[in-house]
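Results of the structural survey
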Amino acid sequence: MVHPSILILTGAGISAESGLGTFRDEGGLWAQHRIEDVATPEGFARNPQLVVNFYNARRAQAAEAAPNAAHAALARLQAEHPGDMMLVTQNVDDLHEKAGSPNVVHMHGALNSALCGACDHRWSAPLQMAVGDICPACAQPRARPDIVWFGEIPYHMDAIERALSQADIFAAIGTSGNVYPAAGFVQLAAHVGALTVEMNLDPSETVALFEDTRPGKASETVPAWVDSILAN
C-alpha cells in the first residue's frame, strides 16, 4: 500500500486559540506597532531597542502559552502516519514542539532563537534579549531575534519546495493567504496534482485555489481531518 506524502502549512490562526495574537487582533502586541518599525531590517537599524522589546514581549507571551487540540492532532499525525510528512509553520512560537511534533520547519524563524548579524551563528535566545548582546561564536555585539522580517528570504525554501513537488496532500491551516511565498504553496501543490485542503476560521485570500475547504476553529477542524487521514 502506498501512503500519501503530506505537507502541512500552519499560520497564526492555529496559535490564536492558544492566546497568541495575530496581525489583525485589535489591542494585541501587533496593534500597538507599525510592521515597518518592528518587523523589518530597517526598523531594527533605526530603533533596535524598540524591536528587541517587542520580541521580548512576544517571547514571554509564547513561553506561557500551551498548545491546543489542533497542535496535538498534528503531532499525532506525525507520529502515526506511515508515509512522508513535513510540518511547515509560519509561526515563530514553539507550540508545535510543545505538543510533541518533531522536526518542525520554521520558515519565518523562531522566538527562542537568537541570530548574529555579523556571522549568522544561531543560539538559544534568553527570555529577555538586550541590544548589543554578544555573539558566542564571533564575540561581536550583533545579536538580533532570529526572525525572518519583511524583505528577508524565508528559511528552508529549497527543502519546502522539494517536498511540495512530491506532495499528495497539501493542507493549509490558519493562514491568511496574503504573505508570500507561503501564499503560493497551494499553486505549487495543485500543479503536481496534490489534494489541497484549507482549514481556516475565515476564508483566506487564496481559498478559491483549494479543492477542499473546512471553515471553523482549528481546534475542531484539524482533529477531525487528522482522524479522516489516519482512518484511510
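Here, the structure is the one placed above.
In this report, the structure presented in the accompanying data block is examined. (Residues numbered from 1 in each chain as written. Predicted model: local features only at pLDDT ≥ 70, side-chain atom pairs only at ≥ 80, totals over all residues. Heavy atoms only, no water.)

1. Points about the pairing of strand β4 (residues 109-116)
To keep things clear, this is the line we draw: Exposure classes here rest on a 1.4 Å probe applied to the protein chains alone. A residue is buried below 20% of its type maximum, exposed above 50%, and partly exposed in between. In this description a helix means any DSSP run of H or I spanning at least four residues, a strand means any run of E spanning at least two, and both kinds are numbered starting from the N terminus. DSSP bridges decide pairing: two strands pair if at least two such bridges lie between them.
Within β4, seven of the eight residues are buried, leaving the element largely enclosed by the surrounding structure. Two elements, β4 and strand β6 (residues 143-147), share four bridges in a ladder whose sense is antiparallel. Its bridge partner being in β6, Leu-115 is matched across the sheet by Arg-144. Across three bridges, the pairing between β4 and strand β5 (residues 122-124) is antiparallel. Pairing of Leu-115 across the sheet is with Arg-122, part of β5. Linking two consecutive strands that pair antiparallel, namely β4 and β5, is a turn of five residues; a positive phi of about 70 degrees is found at Asp-120 within it.

2. Let's talk about the layout of surface pockets
Short version of the rule: As defined here, a cavity is a set of points on a 1 Å grid over the protein atoms alone where a 1.4 Å probe fits but cannot get out. A pocket is an open set with protein on both sides within 12 Å along at least five of seven lines, and residues line them when an atom is within 4 Å of a point. Grid points are joined across faces, edges and corners, and a volume is the space filled by probe spheres set on the points. Any residue that is not Ala, Val, Leu, Ile, Met, Phe, Trp, Tyr, Cys, Pro, Asp, Glu, Lys or Arg is counted as polar, Gly included; the first ten are nonpolar and the last four charged.
If you add up the space inside the second largest pocket, you get close to 240 Å³. Forming the walls of the second largest pocket are 17 residues, and the residues nearest its centre are Leu-115, Gly-117, Asp-120, Arg-144 and Glu-152. The element that contributes the greatest number of residues to the lining of the second largest pocket is β6, accounting for three residues. Among the residues making up the lining of the second largest pocket, the classes are represented as 10 nonpolar, two polar and five charged.

3. Notes on the pattern of salt bridges
To keep things clear, this is the line we draw: Should a side-chain nitrogen of Lys or Arg be within 4 Å of a carboxyl oxygen of Asp or Glu, the pair is scored as a salt bridge.
Using the criterion set out here, one finds eight salt bridges in the structure. With a shortest N-O distance of 3.0 Å, Arg-122 and Asp-146 are connected by a salt bridge. Remark: Asp-146 occurs in strand β6 and Arg-122 occurs in strand β5; sequence separation between them is 24 residues. Using a relative accessible area of 40% as the deciding quantity, one classes Arg-122 as partly exposed. By relative accessible area, Asp-146 is classed as buried at 4%.

4. Section: the nonpolar core
Note that soluble globular proteins tend to have their nonpolar side chains buried in a common cluster. Note the cut-off: The set of buried Ala, Val, Leu, Ile, Met, Phe, Trp, Tyr and Cys residues whose side-chain atoms join them within 4.5 Å is what this entry labels a nonpolar core. Here a residue-residue contact requires only that any non-hydrogen atoms of the pair lie within 4.5 Å.
Counting residues in hydrophobic clusters, the biggest one holds 22 residues, and the most contacted among them are Tyr-55, Leu-111, Trp-123, Met-129, Ile-147 and Trp-149. For this core, the secondary-structure elements that each account for two or more residues are α4 (48-64), β4 and β6. Discounting residues that sit within four places of it in the chain, Trp-123 has contacts with Asn-112, Ser-113, Ala-114, Leu-115, Cys-116, Ile-134, Cys-135, Pro-136 and Ala-143. Ala-73, Leu-74, Val-197 and Ile-229 belong to the second-largest nonpolar core, a separate cluster that totals 20 residues.

5. A word on the sheet that holds β4
Picture the strands of a sheet paired through backbone hydrogen bonds; they go either parallel or antiparallel. This is how it is decided: Each axis is a line fitted through C-alpha atoms, taken for helices only over the stretch in contact, and angles between the N-to-C directions span 0 to 180 degrees.
Reading across the sheet, the three strands line up as β5-β4-β6 and stay open at both edges, with antiparallel pairing between neighbours. Among the strands making up the open sheet, the edge pair consists of β5 and β6. Neighbour to neighbour, the strand axes of the sheet diverge by 45 degrees on average, direction disregarded. Contacting β4 and β6, α4 crosses the sheet at an angle of about 140 degrees to β4.

6. Considerations on the sheet that holds strand β9 (residues 212-215)
Taken in spatial order, the six strands of this open sheet run β3-β2-β1-β7-β8-β9, and their pairing is parallel. Edge strands, defined here as strands with exactly one partner in the open sheet, are β3 (105-106) and β9. Taken together, the two bridges between strand β2 (residues 85-89) and β3 define a ladder with parallel strand orientation. Residue Val-88 lies in a different strand from β3, and its bridge partner there is Val-105. Docked against the sheet, helix α5 (residues 69-80) engages β1 (6-10), β2 and β7 (169-173), running at close to 155 degrees with respect to β2. Contacts from helix α9 (residues 218-231) reach β1, β7, β8 (195-200) and β9, with the element oriented near 165 degrees to β7.

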